Amino acid sequence: MLEARIAARVGPLELRIDLSLDGETVLVAGPNGSGKSTLLRLLLGVLRPEAGRIALDGAVLFDAETGIDVPVEERELAYVPQDYALFPHMDVLGNATFGLAPLDRRERVRRATAWLERLGAGDLVHRSPSALSGGERQRVALARALARTPRALLLDEPFASLDPIARRQLRASLTGWLREWRLPALIVSHDPADAMLADRIAVLERGRVVQQGTLEELRRAPGSDFVAGLIEAAPVPAGAD
Amino acid sequence: MRSGRPSAWGAAQLVASAALVAFLLLPVAALVLTLPWADFVGGLRHPLLIPALRLSLLTTGTSLALVVVLGSLLAWRVARHPGRASRWLEAITQLPAVIPPAVAGVGLLLAFGRRGLLGSWLAAHGIAIAFTTPAVVMAEAFVSAPFFVQAGIAAFRRVDENLLVVARTLGASPFRAFLRVGLPLAAPGLVAGAAMSWARSLGEFGATLLFAGNLTGRTQTLPLAVYTAMESDLRAAQALSLVMVAVAFALLFVLRRMAPGAALPGPGVRGA
């Protein structure tokens, strides 16, 4: 379970966030400049909140009162940014094994290859990231992040760099994977179509979570113009009226 | 629209380019063309050559190693932590590039000479630097560091921050992220900076002469040997100069092979 109750000021933006994920997928939606990516950086430990507390499965990652601030590399949070950030000087296998440094080489390769195969990228191991399509890059970035068996997954605009066909395919794949893994996942997106990925949607406006709930709950009582617009553009789930 | 007739603007570019290239090439051509082969071979046997060549390679190699190790860490710090302190650090490290070498020599003497700011304390503890081989290394490092640091800062700034953040989330400490991601991605820029820095220290003359002197085998580097030979034998000075040019080209060639993407001087630099 990932819990964050934090306050931070980053440039002109003032964030006050109260959010928790328990084995579910939460979509953080919001207009540009609402603080979505900043929220991810605060959770990851790249930025430091001014006040509050972040905990993951009961372990405190950050606590302004006690001064606890676990470094990024020890937080066990997987992160896939919008551009996937594959290391361009390593091949796919080099990327996928990067996070498995403490293991011996044979075990690193075995585990990385298993994840690449699971995500349908098993035939790409010796390819350079520059030779991959957007969809392949995303699969490799996910395999690299998940090979470390993280406690939660943070995705920043996971489909923004893809063409419409790859976007539809990967959104469907990711929906299936997230259901299968039951890994707490926080997905930041401004695309209403990504609402189908999530168990719950948290709407962020000007640094604050202004409304959260299931797509259906938001549909019944949209709390702001942005939410109303989001709901209108979101796909109607199967079985709904 | 393009026409077949060259415009006055196009002609001006061609004339200016031809004039500047001729001016830059002529001294190098003169070095090669005006020296008969026998005189060149004779010059190679000049007693100053071997000690000066050996000293130049030793001191420039040492100063380059110092500049690369310290300069890489400083450049990383400046590039990854923007702010007022970094701007000051960057400005201070560029100072030696605008100080005339002779002034640098006087400054080094006043800082590290026997009566210098730090030198007097060192002398009291039995350490003398001025007019020794370490003084040559210091003079070379002083004048050449800005070239490497500036290239290093630019190269490290070009490394996408997301890659470093992802490396950290994959368990890499800040040092491992630097070593495995930052350093390899900045390598072409760092090699180019190292080449420029090394070329500058190989040609260093004024600061070395004032701070380290001109003692054969101890502080007489190749440029100082050329200067000394000039006083008695122009042909020998010319042969020594050609050796210097050959050493510089050989090193640039090796560096280009090491980092094919680096924007080093010489043919083959694309998009520079």
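None of the values given here were measured: they were computed from a predicted structure.

So, how was this worked out
- Residues numbered from 1 in each chain as written.
- Chains lettered and ligands numbered in written order.
- Predicted model: local features only at pLDDT ≥ 70, side-chain atom pairs only at ≥ 80, totals over all residues.
- Heavy atoms only, no water.
- Phe/Tyr/Trp six-rings, centres within 6.5 Å; stacked < 30°, edge-to-face > 60°.
- Helix = DSSP H or I, 4+ residues; strand = E, 2+ residues; numbered from the N terminus.
- Buried < 20%, exposed > 50% of the residue type's maximum accessible area, 1.4 Å probe, protein only.
- Lys NZ or Arg CZ within 6 Å of the ring centre and 35° of its normal.
- Axes fitted to C-alpha atoms, helices over the stretch in contact; angles between N-to-C directions.
- Left-handed = near helix turned anticlockwise from the far one by under 90°.
- Contact = heavy atoms within 4.5 Å.
- Nonpolar A, V, L, I, M, F, W, Y, C, P; charged D, E, K, R; others polar.
- Buried area = accessible area lost by both parts, 1.4 Å probe.
- Salt bridge = Lys/Arg side-chain N within 4 Å of Asp/Glu carboxyl O.
- Expected span 1.5 Å × (residues − 1).
- Bend = angle between axes of the 7 residues up to and from the residue.
- Pairing = 2+ DSSP bridges.

Okay, the packing of aromatic side chains next. Following the criterion strictly, the structure yields ten aromatic pairs over all chains and no others. Pairing F112(B) with F211(B) gives two aromatic rings, centres 6.5 Å apart and planes at 50°, and the pair type is tilted. Pair noted here: F112(B) is in helix α5 (residues 101–112) and F211(B) is in helix α10 (residues 206–212), with a separation of 99 residues, a long-range link. Using a relative accessible area of 0% as the deciding quantity, one classes F211(B) as buried. Connected via pairs of aromatic rings, a cluster forms that spans W76(B), F156(B), F175(B) and F178(B). The ring of W115(A) has R118(A) sitting right over it, with the charged end atom 4.4 Å from the ring centre. Of note, R80(B) hangs over the ring of W76(B), and the distance from its end group to the ring centre comes to 5.5 Å.

A few words now on the packing of helix α7 (residues 133–157) of chain B against helix α9 (residues 174–202) of chain B. Residue and element names in this part refer to chain B. Here α7 crosses α9 at 145°, and the two axes come no closer than 8 Å. Read as a crossing pair, α7 and α9 show a hand that is right-handed. Across the interface between the two elements, E140, V143, S144, A145, F147, F148, A151, G152, A155 and F156 from α7 touch F178, G182, L183, A186, G189, L190, G193, A194, M196, S197, R200 and S201 from α9. In terms of residue class, the contact of α7 with α9 is made up of 13 nonpolar, seven polar and two charged.

A separate point is the interface of chain A and chain B. Of the residues lining the interface, 22 residues belong to chain A; the matching set on chain B comes to 19 residues. Summed over both partners, the interface of chain A with chain B buries about 1800 Å², with 65% contributed by carbon and sulfur atoms. Of all residues in chain A, E73(A), H89(A) and F98(A) bury the most surface against chain B, accounting for 33% of the area lost on that side. A salt bridge links R168(B) to E73(A); the shortest N-O distance between them is 2.5 Å.

Bringing helix α3 (residues 49–80) of chain B into the picture now. With 32 residues, α3(B) extends 44 Å between its outermost C-alpha atoms, agreeing within 8% with the 46 Å of an ideal straight helix rising 1.5 Å per residue. The sharpest bend along α3(B) measures roughly 30° and falls at G71(B).

Once that is clear, we can look at unusual backbone geometry. Backbone geometry places E157(A), a non-glycine residue, at a positive phi of 45°. Position of E157(A) relative to the elements: it lies in the loop between β8 (152–156) and α5 (164–181). Among the residues examined, E157(A) registers a relative accessible area of 8% and is labelled buried. Phi angles above zero are rare outside glycine, and F131(B) is one such case at about 65°.

Residue and element names in this part refer to chain A. Across six bridges, the pairing between strand β1 (residues 2–10) and strand β4 (residues 51–56) is antiparallel. Opposite I6, over in β4, you have G52 as the bridge partner. Here four bridges tie β4 to strand β5 (residues 59–63), and the two strands are oriented antiparallel to one another. Within the sheet, the bridge partner assigned to L56 lies in β5 and is A59. Counting the residues in the hairpin turn of β4 and β5 gives two residues, including D57, whose phi is positive at 50°.

Purely geometric stuff here, so don't read any function into it on its own.
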